[in-house]
Amino acid sequence: MFFRNQKINTNINYRKDNTTEIVHSNIPKQPQPQKSRYYMHPGGTITDPLIKDILKGPHTLIAGTTGSGKSTLLDNIIYNILTCCDINNNLILIDPKLIALNKYKKLPQVLKYADNVQDTINVLNYAIDNMMYRYSIIKDMGLKEYNGSSIYIIIDELADLMTSSQAKEIQNKLQKLLQLSRAAKIHIIACTQSPSRIVIPSTLVLNFTNRVALRCLSPIESRQIINIKGAENLPQYGQCLYMNSTGIKHYNVNMVSDAAIEKAVDNWLYNLEIVK
């Protein structure tokens, strides 16, 4: 295990051809998913423009009233990670409601799964350790950002964590990840049905540079997510207003069928058994 504040020993080997090799003597190898010999077209093209922008962005907050399509959007995001992205991309799943993300927890891409407050704290510590490990590589190799695969931290429901008995500790760890993890290619995608600043502090919300507003109950909730009213007039589900660094756009929220998701999950689990 890599511990916070652990000193990294770095040696530089000089070769006869005047090139150098940087060797880290006490950094453990970063965990990677088990490789499958048969998989569902990872590396393909993501055709959904909303999903494509979310996955390449730093951090995304998704908010909307009950039944507005938050779980549908999360499923679409995870489905694209499983079927269209780099095979080595990883997931960290935080699922306090025990429902939305449970079906994914045995996938080889999942580094950690948490379904209670204490496990969430442990998982966030794990993510911070990974972030610092990646920054040690960035520094030693003279890079601008980490050149390996991405880790996506997916949270459903953020408000449950922010109203728990250990909310302040969770907030501080999330804040650190939101502020520092971009160059380390660690991305947070969080859902909530309670965007109120009383529930989710402004210091957290402001660090989500990308935000998805699904149907909201009021103009106030719309402003709390994307700084303008309008999401209260969206249909009950199927559409959103999406804010990123370039502005706000209207998108359709496409649905991936339960059958397609089940097929993708079963495919990875089946092939994980093959290579054991």
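All values derive from a computational prediction rather than experimental measurement. Residue numbers restart at each chain and count upward from 1, following the sequence in its written direction. Where local features are concerned, this predicted model is filtered to residues with pLDDT of at least 70; where side-chain atom pairs are given and counted, the filter is 80 or more; whole-chain, interface and lining totals use all residues. The side-chain numbers reported here are obtained from all heavy atoms of the structure, hydrogens and water having been left aside.

## Notes on the overall build of the chain
- Scanning the chain for helices and strands turns up eight helices and ten strands.
- For the chain, the proportion of its 276 residues judged to be buried stands at 51%.
- For the chain, the proportion of contacts with a sequence separation of at least 24, taken over those separated by at least 6, is 68%.
- A total of about 13,600 Å² of accessible surface is found on the chain, and carbon and sulfur atoms cover 51% of it. Secondary structure follows DSSP: runs of H or I at least 4 residues long count as helices, runs of E at least 2 residues long count as strands, and numbering of each begins at the N terminus. The buried label goes to any residue with under 20% of its type's maximum accessible area, the exposed label to any with over 50%, and the partly exposed label to all in between, with areas taken from a 1.4 Å probe on protein chains only. Contact between two residues is taken to exist if any of their heavy atoms lie within 4.5 Å; hydrogens are not considered. The accessible surface values rely on the Shrake-Rupley method and a 1.4 Å probe; as for residues, cover is taken only from the protein chains in view.

## Considerations on helix 5 (residues 167-180)
- Here the expected length of a helix is defined as 1.5 Å per residue gap, with one fewer gap than residues. End to end, helix 5 covers 20 Å across 14 residues, agreeing with the expected 20 Å (1.5 Å per residue, within 8%).
- Of all the positions in helix 5, only Ala167, Ile170, Gln171, Lys173, Leu174, Gln175, Leu177 and Leu178 are classed as buried.

## Comments concerning the environment of Gly148
- Structurally, the position occupied by Gly148 is in the loop between helix 3 (117-141) and strand 6 (151-156).
- We classify Gly148 as partly exposed; its relative accessible area is 22%.
- Residues Gly148 and Lys185, 37 residues apart in the sequence, show an inter-C-alpha distance of 8.0 Å.

## Observations concerning the packing of aromatic side chains
- By convention, a stacked pair of Phe, Tyr or Trp rings (six-membered ring in the case of Trp) has centres within 6.5 Å and planes under 30 degrees apart, an edge-to-face pair has planes over 60 apart, and any other such pair is tilted. The final tally for this structure, using the stated rule, is one aromatic pair.
- The positively charged end of Lys112 is found above the aromatic ring belonging to Tyr126, 4.9 Å away from the centroid. When the NZ atom of lysine or the CZ atom of arginine is within 6 Å of a ring's centre and also within 35 degrees of its normal, the charge is said to sit over that ring.

## Focus: the packing of helix 3 against helix 5
- The axes used here are C-alpha line fits, helices contributing only the stretch in contact, and every angle between their N-to-C directions lies in the interval 0 to 180 degrees. For the pair helix 3 and helix 5, the least separation of the axes is 10 Å and the interaxial angle reads 25°. Between helix 3 and helix 5, the angle falls in the class roughly parallel. Our pair here, helix 3 against helix 5, has a crossing hand that is left-handed. Side by side, helix 3 and helix 5 meet where Val117, Thr120, Ile121, Leu124, Asn125, Ala127, Ile128, Met131 and Tyr135 of the first sit next to Glu169, Ile170, Lys173, Leu174, Lys176, Leu177 and Leu180 of the second.
- Across the contact of helix 3 with helix 5, the residue classes break down as eleven nonpolar, two polar and three charged. Angles below 35 degrees are treated as roughly parallel, those above 145 as roughly antiparallel, those between 65 and 115 as roughly perpendicular, and all remaining angles as oblique. Working rule for handedness: look at the near helix, and if it is turned counterclockwise from the far one by less than a right angle, call the crossing left-handed; if clockwise, right-handed. When residues are sorted by character, Ala, Val, Leu, Ile, Met, Phe, Trp, Tyr, Cys and Pro go into the nonpolar class, Asp, Glu, Lys and Arg into the charged class, and all the rest, Gly among them, into the polar class.

## Re unusual backbone geometry
- The residue after Asp156, namely Glu157, is reached through a cis peptide bond having omega 20°.
- For Glu157, the location among the structural elements is in the loop between strand 6 and helix 4 (158-162).
- At Leu98, a position not held by glycine, the phi torsion is positive, near 70°.
- Within the secondary structure layout, Leu98 lies in the loop between strand 4 (90-94) and strand 5 (110-114).
- Its relative accessible area of 46% is what places Leu98 among the partly exposed residues.
- Unusually for a residue other than glycine, Asn227 sits at a positive phi of about 75°.
- Following the sequence through the fold, Asn227 ends up in the loop between helix 7 (219-226) and strand 9 (239-244).

## Quick word on the pattern of salt bridges
- Here, a salt bridge means any Lys or Arg side-chain nitrogen found within 4 Å of an Asp or Glu carboxyl oxygen. In this structure the tally under the stated criterion is three salt bridges.
- Two residues, Lys103 and Asp75, come together in a salt bridge whose shortest N-O distance is 3.4 Å. One end of the pair, Lys103, is in the loop between strand 4 and strand 5; the other, Asp75, is in helix 2 (residues 70-84), with 28 residues separating them in the sequence.
- For Lys103, a relative accessible area of 38% gives the class partly exposed.

## Some words on the nonpolar core
- Membership of the largest hydrophobic core comes to 37 residues, with the highest contact counts inside it found for Leu55, Ile62, Ile77, Leu101, Tyr104, Ile154 and Ile189.
- Among the elements that take part in this core, helix 2 stands out by supplying seven residues, more than any other.
- Setting aside its immediate chain neighbours within four residues, Ile189 contacts Ile54, Leu55, Thr60, Ile62, Leu74, Ile77, Tyr152, Ile153, Ile154 and Ile155. Among buried residues, those of type Ala, Val, Leu, Ile, Met, Phe, Trp, Tyr and Cys that are joined through side-chain atoms within 4.5 Å constitute a nonpolar core.

## Considering the confidence of the model for the chain
- Considering every residue of the chain, the mean pLDDT works out to 86; 83% of them sit at 70 or more.
- Think of pLDDT as the predictor's per-residue confidence, scored from 0 to 100. The model gives residues 1-14 a pLDDT under 50, and that stretch makes 40 contacts with residues more than four places away or in other chains.
- In this model, residues 33-41 is a region of pLDDT below 50 whose contacts with residues beyond four sequence positions or in other chains number 28 contacts.

## Structural notes on the packing of helix 1 (residues 49-56) against helix 2
- Where helix 1 contacts helix 2, the two axes come as close as 10 Å, and the packing angle between them is 75°. It follows that helix 1 is roughly perpendicular to helix 2 by the angle criterion. Taking contact as the criterion, the partners of Leu50, Ile51, Ile54 and Leu55 in helix 1 are, on helix 2, Leu73, Asn76, Ile77, Asn80 and Ile81.

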